[in-house]
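Examining the three-dimensional arrangement
If you want the building blocks of each chain, they are given just below.
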Amino acid sequence: MPGTSYLDYNATAPILPAVRDAVMAALEVAGNPSSVHGFGRRARRLVEDARAEVAALAGVVPARVVFTSGGTEANTSALSTGASGRAGRRVLVSAIEHDSVLETVPDAERIPVLTDGTVDLAALDRMLARADGPALVSVMLVNNETGVIQPVAEVSRLAHAHGALFHCDAVQGAGRVGIDADSLGIDLMTLSAHKLGGPHGVGALVVREGIPIAPVLRGGGQEQRRRAGTENVAGIAGFGAAARLARNAAGEIDRIGRLRDGLERRIAEAAESSGVAVTIHGRAAPRVANTACVSMPGVSSETQIMALDLAGVAVSAGSACSSGKVKPSHVLTAMGVDAGEASSAIRVSLGWATGPEDVDRFVDAWSTLCRRRARAMVGP
């Protein structure tokens, strides 16, 4: 929309023009990819070409990619496999995981995180050593709220040393950091198209050879009998196009990082000049280039989001998967942030269409809020 700035890419990225073209072209293909006639073979080719692109993004062979309806289904499938694939398997998940992980196995053991937002490796080692028997460890690659990059190679090493499988939700990392599932030691990995500038409603579960998958959907032989139901051909074709573009996005990541760093510097200066204490969460840890999580104590997340929206700037208060509810962040709480600060946090996330004018609009609107907060602190 003219005169507005969309800064909520971690919720969903606007669709890339080349992806839109791929989706539109795929919609012209009439065949079912499971049909053996020419129409069906054309649809199958679109699916398999996209599978190869997504596999290349993940650093694996195409046969390991199982298409799903999105990241939530892929997480559910991975964790269902972990919980039921072998009798008595323990499930350990980090305390900062997405709700699609936390709610799939609500009785999972929670791995704590350090104050910088990274998973506590020493605690994980102790937890795994407490009991023998099969286990599944689930730790995300990049946190969706803070942008903090998790030490997944070290998590994988610990998990495998104790005989556990390792699942990694890489939804927020794909296209923002390099991914090689084998080098990182990932057994099961979740991806989603719409975080990459792809279409909604399509994702993938990447599965190491030899791991049996417990399908969430049954009744057909699609996806090597790992996920029943006719494939979303147009969505998958769009996913493939987005994955191809993401593999060549190093220069774009650098550009976005410069914008994000400038944004953080300018709001820190505005806060200091106003005498308002603000916190940028996760700044002490490695982060992806596009995310800033900022608290302005005394001004609720909801108030900030509404004020910024009125100023033409779209941001969020964390995960977009909470039916529009604004609630204190479980991620920041797990990092030891107090309730007042956690309830005043917003997430700003940039992407491919973000320009300097969008950062300017955000900084201007946020600085107005900051000055208003400063006046309230002084009183009438």
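Residues numbered from 1 in each chain as written. Predicted model: local features only at pLDDT ≥ 70, side-chain atom pairs only at ≥ 80, totals over all residues. Heavy atoms only, no water.

Regarding the sheet that holds strand 9 (residues 279-280)
Sheet strands pair via backbone hydrogen bonds, and the direction of the pair is either parallel or antiparallel. Judged by pairing direction, the sheet is antiparallel, and its three strands sit side by side in the order 9-10-12 without closing on themselves. Each having just a single partner strand, strand 9 and strand 12 (345-349) make up the two edges of the open sheet. With two bridges connecting them, strand 9 and strand 10 (residues 291-295) associate as antiparallel partners. Residue Ile-280 lies in a different strand from strand 10, and its bridge partner there is Val-294. Taken strand by strand, helix 10 (residues 250-274) contacts strand 9, strand 10 and strand 12, and its axis lies near 15° from that of strand 10. (Pairing = 2+ DSSP bridges. Helix = DSSP H or I, 4+ residues; strand = E, 2+ residues; numbered from the N terminus. Contact = heavy atoms within 4.5 Å. Axes fitted to C-alpha atoms, helices over the stretch in contact; angles between N-to-C directions.)

Section: the side chain of Lys-195
Relative to the helices and strands, Lys-195 resides in the loop between strand 7 (188-192) and strand 8 (203-207). Within the buried set, Lys-195 has no salt-bridge partner at all; the shortest N-O distance to an opposite charge, 7.9 Å, is to Asp-8. From its side chain, Lys-195 meets the backbone oxygen of Asn-10 in a polar contact 2.8 Å long. A distance of 2.8 Å separates the side chain of Lys-195 from the backbone oxygen of Ala-11, its partner in a polar contact. Non-local contacts of Lys-195, meaning those with residues more than four positions away in its chain, are made with Asn-10, Ala-11, Ala-13, Val-171, Gln-172 and Arg-176. (Buried < 20%, exposed > 50% of the residue type's maximum accessible area, 1.4 Å probe, protein only. Lys, Arg positive; Asp, Glu negative; His and termini not counted. Salt bridge = Lys/Arg side-chain N within 4 Å of Asp/Glu carboxyl O. Polar contact = N/O pair within 3.5 Å; in protein donor to acceptor, adjacent residues only side chain to side chain.)

Things to note about helix 11 (residues 301-310)
By the burial criterion, the buried members of helix 11 are Ser-301, Gln-304, Ile-305 and Leu-308. Angular distribution of buried residues about the axis of helix 11 spans 100°; they occupy a single face of the element. Facing away from the buried surface of helix 11 by more than 90 degrees, the exposed residues are Met-306 and Leu-310. (Arc of directions from axis to C-beta.)

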